[in-house]
Amino acid sequence: MTKLAADSVAIHRLTVRAGQQRAADNLRDFLQSADWPDAGQDNWVFIRRLHVSGAARQLPRQLLDQTRQYLTQSNNPEQVMRFTSLAELLAALLTDLVRGRAGFNWYWRRWAHWFELPVSRAISGIVSEHLTLLPAVCARLAQREKLAAVCLSLNDSDARQLAVELAGLSGFRLPSSLEIAELLGSEIYGAERPHPLAAGAQAWVEQLYRRPGFLAQWRTLLQELKVSDGRYQLALLLIGQEAAPLLLQQQPAKVLAFLSSCFASPLQVKPKHAIAELSLPVLVDTIQGAVQPQQAKPLPQAPPASQAGQTQAQADVKLKSNVGVENQTPLSSDVRRYIAQNNKNVRQQPSQAPIAADASFADSSIRALEPQQSLKPKLAMERPEFAEFLTQQGGLLYLLNMLNRPEMRGLMLEHAETLPSGWAWLYRLGQELQLEEDDALVDFIALQLGLDHSAELVQLPPLPARAQVLSLAERWYGKTGVWQPELLALAGQIHYSPSHIDLYAPMSAIRLPVRLAGLDINPGWLPWLGRVVSFHYD
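The structure displayed is predicted, hence computed values, not measured ones.

Caption draft 1: Molecular detail of unusual backbone geometry. Positive phi, normally seen in glycine, also occurs at Glu-145, with a value near 60°. Of note, Glu-145 is situated in the loop between α5 (134-143) and α6 (147-153). Classification of Glu-145 as exposed rests on a relative accessible area of 53%. Of note in the backbone geometry, Gln-434 takes a positive phi value of approximately 60° without being a glycine. One can find Gln-434 in the loop between α17 (422-431) and α18 (440-448).

Caption draft 2: Quick look at the packing of aromatic side chains. Applying the stated criterion across every chain, the model contains 16 aromatic pairs. With a centroid separation of 6.4 Å and an interplanar angle of 75°, the aromatic rings of Phe-46 and Trp-108 are classed as edge-to-face. In this pair, Phe-46 sits in strand β2 (residues 44-54) while Trp-108 sits in the loop between α3 (86-99) and α4 (119-128), placing the two residues 62 residues apart along the sequence. When its relative accessible area of 5% is taken as the criterion, Phe-46 is described as buried.

Caption draft 3: Summary view of the sheet that holds strand β11 (residues 524-526). The five strands are arranged β8-β9-β10-β12-β11 in an open sheet whose pairing can be described as mixed. Here the strands that pair on one side only, and so sit at the sheet edges, are β8 (387-391) and β11. Mean inter-strand twist for the sheet, computed between neighbouring axes without regard to direction, equals 20°. The pairing of β11 with strand β12 (residues 531-537) spans three bridges and is classified as antiparallel.

Caption draft 4: Up close: α3. For α3, with 14 residues, the first-to-last C-alpha span of 20 Å sits near the 20 Å given by 1.5 Å per residue. Among the 14 residues of α3, 12 are classified as buried, and the element is accordingly described as predominantly covered. Three or more residues of α3 are buried, namely Leu-86, Ala-87, Glu-88, Leu-89, Leu-90, Ala-91, Ala-92, Leu-93, Leu-94, Thr-95, Asp-96 and Leu-97. In this structure, the buried residues of α3 make contact with β2, β3 (80-83), α4, α5 and α6. Gly-100 sits one or two positions beyond α3 and adopts a positive phi of about 80°.

Caption draft 5: Geometry of the confidence of the model for the protein. Per-residue pLDDT for the protein has a mean of 76; in total, 71% of the residues score no lower than 70. Looking across the protein, the model is least confident in strand β7 (residues 371-374), with a mean pLDDT of 30, and most confident in helix α15 (residues 399-403), with 98. Considering only residues more than four positions removed or in separate chains, one finds that residues 186-194, a stretch of pLDDT under 50, has nine contacts. Counted against residues more than four places away or in other chains, residues 266-312, with its pLDDT under 50, gives 104 contacts.

Caption draft 6: Examining the environment of Ser-120 more closely. Turning to its location among the elements, Ser-120 is positioned in helix α4. Counting along the chain gives 23 residues from Ser-120 to Leu-97, while the straight-line C-alpha distance between them is 9.7 Å. Setting aside chain neighbours within four positions, we find Ser-120 in contact with Ser-153, Leu-154, Asn-155 and Asp-158. At 2.6 Å, the side chain of Ser-120 and the side chain of Asp-158 are in polar contact.

Caption draft 7: Structural view of the environment of His-130. With respect to the helices and strands, the residue His-130 is situated in the loop between α4 and α5. The class of His-130 is buried, set by a relative accessible area of 8%. Each C-alpha atom of the pair His-130 and Leu-86 lies 9.7 Å from the other, and the pair is 44 residues apart in sequence.

Caption draft 8: Just the pairing of strand β9 (residues 492-496), in detail. Burial analysis of β9 places four of its five residues in the buried class, which makes it a mostly covered element. Sheet topology note: the β8/β9 ladder contains five bridges and is antiparallel. Residue pairing in the sheet places Glu-388 in a bridge with His-495 of β9. In this structure, β9 lies alongside strand β10 (residues 500-505), joined through four bridges in antiparallel fashion.

Rules of the game
Residues numbered from 1 in each chain as written. Predicted model: local features only at pLDDT ≥ 70, side-chain atom pairs only at ≥ 80, totals over all residues. Heavy atoms only, no water. Helix = DSSP H or I, 4+ residues; strand = E, 2+ residues; numbered from the N terminus. Buried < 20%, exposed > 50% of the residue type's maximum accessible area, 1.4 Å probe, protein only. Phe/Tyr/Trp six-rings, centres within 6.5 Å; stacked < 30°, edge-to-face > 60°. Pairing = 2+ DSSP bridges. Axes fitted to C-alpha atoms, helices over the stretch in contact; angles between N-to-C directions. Expected span 1.5 Å × (residues − 1). Contact = heavy atoms within 4.5 Å. pLDDT = per-residue confidence, 0-100. Polar contact = N/O pair within 3.5 Å; in protein donor to acceptor, adjacent residues only side chain to side chain.

So, in structure tokens, the structure goes:
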């Protein structure tokens, strides 16, 4: 069900009552090729029943009109359920599954085969089908304070298997708990043992200190688990994939040991900024104390479908939006929407429909959102997890295809301790093509690196093996003439989430030399970046 192609409609059951079989066949043929209304970008909409009646020639238009009517209305768990993205849908499904309520909700019927299994097996089976989406699903669960509940519903073996699969997806073997323990040493709980990564990755250590909000969502869970637990290892992998996926590929055991020590005992590392004297666990405590619970609000009800007539048709319908990616408009009050226009960043906070921590997703899903006041986050930890912005330098993302070539991946891994983030490599490479520093995409890269402001990017180490990198660029792209500053000039919109980056540009932006050079193909899953990257041309 969740593998539907973009812009898809799935009808669970179609019933046609007509005097002639020909009329029923014509209706079925029409539904196969009908121009169904757009559900909204990335939206997944479930409609329990459409019921129309009348002359055979009128039924197609009536079905489409009734569908359009439901798409304009708010959620009604008895008839219509809308999810803004696949990640939101999966978070809702997992939450209801843990509560034992999934089998009672009509819109989950296509996942009913999982409900016969133990909860842990069902969770792992569903998650295994969407591993690259897992960071976004976890972020959605964390927004509703259900991350720990879902993770703890996994047993040790199922979680470990997911960790093995996730490590394999990223191209490395999952280190055993014994390997991690050897790096940590037996005196981790109160020792003055040198940190596993202190000598080689100080920049990354500082980056973690800049992102206490991200670590806070995992701290409650990890405090309840042993280091050897499969759920613990799965959480560490997700944290490492977000914070330093390139270094995780190169030194998985050391990165996981470092992360484990972050939650086991205070680390006396001294970053260069204002938080220099705070150990990580203490810093996380200060952030947790500022979180305020949200209050639930009732949702308006949608009217039932009309009934009556001569020839009748009814269907259970599921509409998928016209974009097959995760990134979405933010939902909760601590999520901002970033919009940059004319190379100027305008940050807006949408009106919200807060969701109580104990509310069912069936009772508290998505409402229409509208921008409110402008604001600028004071700290990088306040950055939104799901948002979008405009850019004039969208071609910078074309360079991801260069960085993903085998020789460049080898260079990045070789110098991962110097420049441990794929975003840093992208930024430094873009500078070789005179990247416009005031573009919103540069601000976004700074946020991904845990920086408060793009001006701090100057602190990054220079591009490692620069001469070799530029030699490769000349060899690969010199003859096509695309290795010029004009390559970066691409006006577009970027949507992002913890799992996906999507660039949207007009069809007229397609350039033949760029395509022949293989730079505008979909990069797809980039384990060294920890994201799925896609390009869309309309």
